[in-house]
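# Secondary and tertiary structure notes
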Amino acid sequence: MLNVEDAPEELPPQLLPLDAWHRARGGRMVPFAGYEMPVQYEGIMAEHLWVRKSAGLFDVSHMGQVVLTSDDGADAVALALEAVLPGDVTGLGDGRMRYSLLLAEDGGVLDDLMVTRRGDELYMVVNGATKYDDIGYLLDTLPDDVTMNLGEEQALLAVQGPKAVDALARLVPGVEALVFMTAGAFDWNGADLWISRSGYTGEDGFEVSISAEHAAAFADALLEQPEVKPIGLGARDSLRLEAGLPLYGHDLDPETTPVMADLGFALSKRRREAADFAGAERILAEREAGPASKRVGLIVAGRQPVREGATVVDADGAEIGRVTSGGFAPSLGSPIAMAYVPAALAAPGTAVRLVQRGKTHDATVAAMPFVPHRYVRKAA
């Protein structure tokens, strides 16, 4: 489960644009990814279940919003990015977005991200804990004519849940026409918004980029909608875990490849055939032969959650894998986890044993997502 002590030790946590807003509404603030962030308001369980039935407002302004441009246009930027991203970036239409992976030269995952074509530029959202490293790596890798700007003056709010569209459309008419993984420019009371129909909970929802100066007023307007409540990091983590979505720094890291992480969908057919992205030789060989280990979902017996760091053991008690995320799943009423296990044990239904703090837990490999995704892929 989420480790809320991930902030760098050498620097005090930064404050979100909505820091005072969260504290005024009872948010319990904790250090995470270099920021003070709200872990919960009324309680993780209640907040989680509210998002599954209604709509929750998340502040994800710690994420990096990066705009990439070139004098030669968006096509030149897209082509340059394909050296380090294995997805089809040049094929993105305007307002279309794609999940992708920032790859090291050896094929290890440096970050996972969203990239969107936005007119004559590309817009990327990267993880908060890695955004400065990502920018440094891209500066070293991309051609000199590609310019990058980190939108530190922008806040990023996510509205997630089956009733998110009802709440947001009252404030911003037209967002209901977006479908999953599309985005567009909108206006709210004179404030520019960039809104995508996306998120990291498995539910329908939106992410809204807005200038920091207008963020509190917009958040207030959202909370005036009866469907919406503020939701903290704790529920965001349990929601994404139920949805089978990996968290960078936990389920993904530089020692992990896309094939090991079961993210083969991020390797587009054209790019696989061209084999011209970072780490292509290793990744394509793994794809052909199968990885030695693979990310899987686990249903844990009993009621006690098994946390990140637990080991997967064989019949003799020898370590053969590791748990990377784990916790109680409020929607299922049982503990769940993600782990890397030998490929021979990756089939759903396989029984495994987990050890944490000297205690052994029985678990069963399960297909992910644990809770079905409810993305809106067709316009109403």
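Below or above, wherever it landed, is the structure these notes cover. (Residues numbered from 1 in each chain as written. Predicted model: local features only at pLDDT ≥ 70, side-chain atom pairs only at ≥ 80, totals over all residues. Heavy atoms only, no water.)

### Here we look at the packing of aromatic side chains
Using the criterion set out here, one finds 4 aromatic pairs in the structure. Against the face of Trp194 rests Arg118, its NZ or CZ located 5.0 Å from the ring centre. In this structure, Lys229 packs its charged tip against the face of Trp50, placed 4.1 Å from the ring centre. (Phe/Tyr/Trp six-rings, centres within 6.5 Å; stacked < 30°, edge-to-face > 60°. Lys NZ or Arg CZ within 6 Å of the ring centre and 35° of its normal.)

### Focus on the sheet that holds strand S10 (residues 154-160)
The sheet built from 6 strands is open, its strands ordered S11-S12-S13-S10-S4-S14 with mixed pairing. Since the sheet does not close on itself, it has two edges, and those belong to strand S11 (183-188) and strand S14 (228-230), each with one partner. The average angle at which neighbouring strand axes cross in this sheet is 25 degrees, direction not considered. Judged from the 6 bridges that link them, S11 and strand S12 (residues 191-196) form a sheet pairing that is antiparallel. In the sheet register, Trp188 faces S12, and the bridge partner there is Ala191. Against the sheet, helix H5 (residues 164-171) touches strand S4 (55-59), S10, S11, S12, strand S13 (205-211) and S14, its axis set at about 35 degrees to S13. (Pairing = 2+ DSSP bridges. Helix = DSSP H or I, 4+ residues; strand = E, 2+ residues; numbered from the N terminus. Axes fitted to C-alpha atoms, helices over the stretch in contact; angles between N-to-C directions. Contact = heavy atoms within 4.5 Å.)

### Considering the pattern of salt bridges
Counted according to the given criterion, the structure contains 19 salt bridges. A salt bridge links Arg25 to Asp220, with the nearest nitrogen and oxygen atoms 2.8 Å apart. Of the two residues, Arg25 sits in the loop between helix H1 (19-24) and strand S2 (28-32) while Asp220 sits in helix H6 (residues 212-223), which places them 195 residues apart along the sequence. Residue class for Asp220 comes out partly exposed when judged on its relative accessible area of 30%. The closest approach of N and O atoms between Asp75 and Arg117, which form a salt bridge, is 3.0 Å. Placement of Asp75 in helix H3 (residues 74-81) and of Arg117 in strand S7 (residues 109-118) is noted, with a sequence separation of 42 residues between them. A relative accessible area of 9% places Arg117 in the buried class. Linked through salt bridges whose partners overlap, the residues forming this network are Glu82, Asp88, Arg270, Arg271 and Asp276. (Salt bridge = Lys/Arg side-chain N within 4 Å of Asp/Glu carboxyl O. Buried < 20%, exposed > 50% of the residue type's maximum accessible area, 1.4 Å probe, protein only.)

### Here's the deal with the layout of surface pockets
In this structure, the largest pocket occupies an estimated 860 Å³ of space. In terms of lining, the largest pocket is formed by 38 residues, of which the most central are Ala33, Asn127, Gly128, Ala129 and Thr130. Going through the elements one at a time, S7, helix H4 (131-141) and helix H7 (233-242) are the ones with two or more residues in the lining of the largest pocket. If you tally residues by element for the lining of the largest pocket, the top one is H7, at 4 residues. When grouped by side-chain class, the residues that make up the lining of the largest pocket number 21 nonpolar, 10 polar and 7 charged. Computed from the structure, the second largest pocket encloses a volume of approximately 650 Å³. Lining the second largest pocket are 32 residues; nearest its centre among them are Leu245, Asp262, Leu263, Phe265 and His373. Mapped by element, the contributors of at least two residues to the lining of the second largest pocket are strand S6 (97-103), strand S15 (293-300) and strand S20 (359-366). Sorting elements by how many residues they give to the lining of the second largest pocket places S15 first, with 4 residues. Broken down by class, the residue content of the lining of the second largest pocket amounts to 21 nonpolar, 6 polar and 5 charged. (1 Å grid on protein atoms, 1.4 Å probe; cavity = no way out; pocket = protein on both sides within 12 Å on 5 of 7 lines; lining within 4 Å. Points joined across faces, edges and corners; volume = space filled by probe spheres on them. Nonpolar A, V, L, I, M, F, W, Y, C, P; charged D, E, K, R; others polar.)

### Digging into the pairing of S15
S15 sits mainly inside the fold: 6 of its 8 residues count as buried. One ladder, built from 4 bridges, connects S15 with S20; its direction is antiparallel. Counted as the bridge partner of Leu298 is Val365 from S20.

### Comments concerning empty space enclosed by the protein
Evaluation of the coordinates by the stated rule reveals 4 cavities of 30 Å³ or more. Quantified by volume, the largest cavity comes out at close to 70 Å³. Looking at the largest cavity, the residues that line it are Met97, Met114, Thr116, Tyr123, Val125, Leu156, Trp194, Ile195, Ser196, Ser198, Glu207 and Ser209. Looking at the lining of the largest cavity, the elements with two or more residues in it are S7, strand S8 (121-126), S12 and S13. The dominant element in the lining of the largest cavity, judged by the number of residues it contributes, is S12, at 3 residues.

### Some thoughts on the nonpolar core
With 31 residues, the main nonpolar core has Leu168, Val172, Leu193, Ile195 and Phe218 as its most contacted residues. Elements with a minimum of two residues in this core: S4, S10, H5, S11, S12, S13 and H6. Per-element tally for this core: the top contributor is H5, with 6 residues. Excluding its chain neighbours within four sequence positions, the residues that come into contact with Val172 are Phe186, Asp187, Leu193, Ile195 and Phe218. (Core = buried A, V, L, I, M, F, W, Y, C linked by side-chain atoms within 4.5 Å.)

### As for the environment of Leu138
Inspection of the secondary structure assignment puts Leu138 in helix H4. You can call Leu138 buried: its relative accessible area is 3%. Remark: the alpha-carbon pair of Leu138 and Tyr35, spanning 103 residues in sequence, is separated by 23 Å. With residues up to four places along the chain from it excluded, the contact list for Leu138 reads Leu81, Val84, Leu102, Met124 and Met148.

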